[in-house]
Amino acid sequence: MSYFISAFYHFTRLQNLEAIKADLEKTAEKLSIRGLLILGPEGINTTCSSSSEDDLHAFKVWVLQYFNASAITFKDSRSDRPPFRRYKVKIREEIVTTGLPGVMPPEGKNHHLSPEEWNRVLKEESDFVMIDTRNWYEYKIGTFKGALNPDIEKFTDFPAYIEKQGISKDKKMLIFCTGGIRCEKGILELQNQGYSDVYQLEGGILNYLEKFPNDQFGGECFVFDHRVAVDQNLAPSAQYVLCPHCGQPGDTKVICKRCDYEDKICENCSRLPFKQATCSKNCAHQWELNPGKKGQRQLLPFELEHQVRTGAASPHASIPVTRTKATRINEQGQAVTVNSCSN
Ligand SMILES: [Zn+2]
Ligand SMILES: [Zn+2]
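Being a predicted model, the structure only gives us computed values, none of them experimental. (Residues numbered from 1 in each chain as written. Chains lettered and ligands numbered in written order. Predicted model: local features only at pLDDT ≥ 70, side-chain atom pairs only at ≥ 80, totals over all residues.)

(A) Focus on the overall build of the protein. Each helix and strand in the protein was counted, giving 10 helices and 20 strands. With the C-alpha coordinates of the protein rotated into their principal frame, the extents come out at 60 × 45 × 35 Å. Counting the 343 residues in the protein, one finds 36% classified as buried. Counting contacts in the protein only where the partners sit at least 6 residues apart, residues at least 24 apart contribute 57% of the total. (Helix = DSSP H or I, 4+ residues; strand = E, 2+ residues; numbered from the N terminus. Buried ≥ 20, exposed ≤ 12 C-beta atoms within 10 Å, placed from the backbone. Contact = placed C-beta atoms within 7 Å.)

Right, dumping it as structure tokens:
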């Protein structure tokens, strides 16, 4: 089975967020859309999916009409496995966390370069500074050739990073991110700091890879769903998993010293004595309590869901999470964490 995925955002002033949330949820349910949508007074930011290409298309058409948007750049990809388990709308002050709420990108274009224009600059010019505005672990698994890594934990550290670099204000600056939204605000920060020859990659890396796989971008692109990352052809990563210890992308193979389960963790955690060669927080914790004692691996919620779906576990199965909490399958077939003494 194929899942059709689209990532997009739209800046527009919104009020009555609760009512908009209800409309989004109603439409998503009707069209069997799954995904995560961030809704705020400044617009929407989402990655969503459907097993029907037509339904996803219908959802995009509805979004364009509902938000009265003249154009939205939809970044499309596919996966064999569902990238989301349900549909969720979260209301936040900012639709992309930059620490600049209320800073609204202007309508229309603000120094956007299409993937074609971006490629031309990278290949034909040399006097520019290119900055990856994403987080350090995203940079690490893939980026544009020659891009600077601000090595930031979160985007709110970006303004200070730029100030510290002391790059001449007349320098040509190129910035990019995953899907383009961070740069919409990032470029305003650069313009505020006095840079005028600044450009952002329209639609981000996802839009670029759609047109130019295996060109100026090397490695894989981190995404914010179960796929972890996408490769040059926008296919789900076969290399990375989310590290069970810290949630960052990892590809270091381990055989768990407690439960013998083969898994991948991230490079950082593989160097920490406490987490080294364990498959999960649970195994690391148990091994610390009882060094040398083997035990069973704790199933993850989605693995329990999968087992119930395939008949390998009963619909009433539960897995202990702590002494008082357990993960159970609810009536919708979703794994939820509940107090283990209640039903
Ligand atoms: Zn880790
Ligand atoms: Zn283990």
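Now that the structure has been shown, we can carry on.
(B) Broad picture of the sheet that holds strand 7 (residues 128–132). Across the sheet, which stays open at both edges, the 4 strands sit in the order 6-10-9-7 with parallel pairing between neighbours. Looking along the sheet, the strands with just one partner apiece sit at the ends: strand 6 (112–113) and strand 7. In the sheet, strand 6 pairs with strand 10 (residues 198–201) via 2 bridges, with the strands oriented parallel. Each residue of the ladder has a partner; that of Leu113, found in strand 10, is Leu201. Running at roughly 170 degrees to strand 10, helix 6 (residues 181–192) makes contact with strand 9 (172–176) and strand 10 of the sheet. (Pairing = 2+ DSSP bridges. Axes fitted to C-alpha atoms, helices over the stretch in contact; angles between N-to-C directions.)

(C) Region of interest: unusual backbone geometry. A positive phi angle, near 55 degrees, is found at Asn68, a position not held by glycine. Take Asn68: there are 8 C-beta atoms within 10 Å of it, and that puts it in the exposed class.

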